[in-house]
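# Remarks on the overall topology
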Amino acid sequence: MLLHIIKYKFRSYLKSTLDLRTVAITRGIGTLIVYGSFAYGMYSLAYFLTSFMLEHTKVGLHLYHTFISMMLFVFFIAVNLGNIIVSYSTLYRSAEVNFFFTKPVPFVKIFILKFFDNFFYSSTTLFIVAFMALLGYGNYFGHPWYFFVGSMLFVLIPFMFLAACLAVLVLMAIMKVAGKVGFKSVMAGLFILYFFLIFLFFKQSNPVTLVEQLNRYYPQMDKYISQVIPTFLNYLPNQWVSEYLFYCARGEIVKAFPYAGLILLITILIYGLCIFIAKRYYYKSWLVSLQIKSIARVPYNLAKRKFLDFRSKSILSPQLEVLTKKEYFSFIREASQWIHFLIMIILTALFALSISNLNLRLRVMDIQLLTYIVIFSFSGFMVSSLALRFIFPMIGMEGQAFWTLRSSPVKESKILLVKFVLGFSVVLLMAMFISISGNLPFARMTAMRPLLLWFGVFNAFWISLTMVSLNLGFGSFFANYSERNPIRAASTQGATLTFLITIAYLIILVIIILLPISSYFSTLFMFRQFDMKLIIIPGTVFGVISYILTVIGLITGLRSLRRDF
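Note that this is a predicted model, so its numbers are computed, not measured.

Rules used throughout
Residues numbered from 1 in each chain as written. Predicted model: local features only at pLDDT ≥ 70, side-chain atom pairs only at ≥ 80, totals over all residues. Heavy atoms only, no water. Helix = DSSP H or I, 4+ residues; strand = E, 2+ residues; numbered from the N terminus. Polar contact = N/O pair within 3.5 Å; in protein donor to acceptor, adjacent residues only side chain to side chain. Contact = heavy atoms within 4.5 Å. Expected span 1.5 Å × (residues − 1). Bend = angle between axes of the 7 residues up to and from the residue. Buried < 20%, exposed > 50% of the residue type's maximum accessible area, 1.4 Å probe, protein only. Patch = residues over 30% accessible without salt bridge, like charges linked within 9 Å, V, L, I, M, F, W, Y side chains within 5 Å. Areas by Shrake-Rupley, 256 points an atom, 1.4 Å probe, with all protein chains shown as cover. Salt bridge = Lys/Arg side-chain N within 4 Å of Asp/Glu carboxyl O. Lys, Arg positive; Asp, Glu negative; His and termini not counted. Charge placed at Lys NZ, Arg CZ, Asp CG, Glu CD. pLDDT = per-residue confidence, 0-100. Phe/Tyr/Trp six-rings, centres within 6.5 Å; stacked < 30°, edge-to-face > 60°.

## Quick notes on the side chain of S546
- Here S546 is to be found in helix α20 (residues 533–561).
- A polar atom in the side chain of S546 sits 2.8 Å from the backbone oxygen of F542.
- If sequence neighbours within four positions are ignored, S546 has contacts with W462, T466 and Y505.

Right, dumping it as structure tokens:
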């Protein structure tokens, strides 16, 4: 039965993929080019970082794999949270699930089908990232081809699959408790729990503090690293993957096998637990989701005025007022939208507060430069993810009723302007918060030289402007007005293509600022005067590239709105 369903799902996928329309062909060719460029860029980045850390900074093999463990923790949380959010729509809100429940298909088979559908749908891009990073890392050590095949099949894929299984278990637990105490209360508790766990992890394993502690034992850091690393890391799956890679890099394959076996065994056990719980509870939890959905649809109270109520006076013109309030109510009515938005705010706040409290006492130029570039890149990545998730689906979420807006006496440019201003305001606010927090440690370190702080504000403005414009423009070009799920809309092929374009943009920005930032830290530690021309020219190039991409995004969006949707 499962094979029969999968067969026709695959045929449906082929028919939709092999579309000969201009938009589909453009999307396919663009995806191939950008995916290839992104894959090569990820490979080069992993190879460069490995060689830089081991040869230039001399951190040692063990300490480098400790950093890898920290990155794998972030990767694991990203897969886990992504699957929690997407699986709610896939397992409980999908029209396909409602269809299957009317057929003589066992509930557990529906669960298995949608679970794998959800896993591949939400983790494809992350899979490419993981594989290309492994390829660049492994080629530095000269690993043979079977190392990559074995590591992907028996280590990294089970690692990602374990995160997805835990996500589904958490989701079903949420539905179990939500039926008794309320959905909002459960989600608030979940946010607090994840916030506490992530904060505790980075509080106990701060990479800068770790380097400072181990610097006392330089150059024999690997010998004393076990005394510095918190013991709780040994019980986390990201540490098992790191230990596996560490022993493979040292050529001690026999010591690496137990960690690979442990990951595979735990993943199989957790997946078996998912199936066991799904047999007993999946259908009941689906009924709970219907109950939660019905409770949310409360009757409109005419006596009570809401925030941005249509009966309230506004300083905006009637058209702008209606469009603005429509965007607000459309966002609030979709539970997955504000839930995901709250998660993004919490993760952003946690990241910003963590890096703002960094104590950069280690006066080593290479470490300072690498820390700044990593913070800059990750900040840009978070802004890109925020824009992709909430800006890209804005046009497509108008749905088939978009004709009512198109047939009204409202210019397409005004529709696009309202969406752009609202999206840009939110993204810019969060980008500024991240940028200022990320540059505070460097501002404290340099005392009376706050150049990086102002440069960060400059970067945040242009990155926000470009990200919003590209996601709004390409979101209009690739809009699917039949897709009512904003999470799935932000995970389509067109969305992935847009995301990879923004990542390529960030890589270009890193290349542009690398030389002036390196010169800045060099003059700082040598107590020389920094030549402002070194940062004005790259900053100008930065702004010009961002401006061109902004114009391209907005023109694309406006032209797409004017076609027959």
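Past the structure itself, the notes keep going.
## Here's the deal with helix α3 (residues 61–93)
- Taking 1.5 Å per residue, 33 residues should reach 48 Å; α3 reaches 47 Å between its end C-alpha atoms and fits that length.
- By the largest-angle criterion, V86 marks the main kink of α3, which is about 35 degrees.
- With 28 of its 33 residues buried, α3 lies for the most part within the structure.

## Description of a positive patch on the surface
- Taken together, K176, K180, R280 and K284 make up a surface patch of like positive charges.
- Within the residue set of the positive patch, elements represented by two or more residues are α6 (145–181) and α11 (253–296).
- Tracing the chain through its elements places K180 in helix α6.

## So, the confidence of the model for the chain
- In this model, the chain carries a mean pLDDT of 77, and residues with pLDDT of at least 70 account for 77%.
- The least confident element of the chain, judged by mean pLDDT, is helix α9 (residues 221–228) at 54; the most confident is helix α10 (residues 237–249) at 88.

## Regarding the packing of aromatic side chains
- For the structure on display, the rule yields 35 aromatic pairs.
- Ring plane angle 50 degrees and centroid distance 5.9 Å describe the contact between Y92 and Y282, whose orientation is recorded as tilted. Of this pair, Y92 sits in helix α3 while Y282 sits in helix α11, placing them 190 residues apart in sequence. Neither residue differs from the other here; Y92 and Y282 are each classed as buried.
- Here F107 and Y283 contribute two aromatic rings whose centre-to-centre distance is 4.3 Å and whose plane-to-plane angle is 5 degrees, an arrangement assigned as stacked. With F107 in helix α5 (residues 107–141) and Y283 in helix α11, the pair connects residues that are 176 residues apart, well separated along the chain.
- Judged by its relative accessible area of 32%, Y283 is partly exposed.
- Among the aromatic residues, those joined into a ring-pair cluster are Y92, F101, F107, F111, F115, F116, F119, F161, Y271, Y282, Y283 and W286.

## Examining the pattern of salt bridges
- Using the criterion set out here, one finds four salt bridges in the structure.
- Across the pair E252 and K255 runs a salt bridge whose closest N-O atoms are separated by 3.5 Å.
- A relative accessible area of 24% places E252 in the partly exposed class.
- Within the structure, one salt-bridge network assembled from shared partners comprises E96, K114 and D117.

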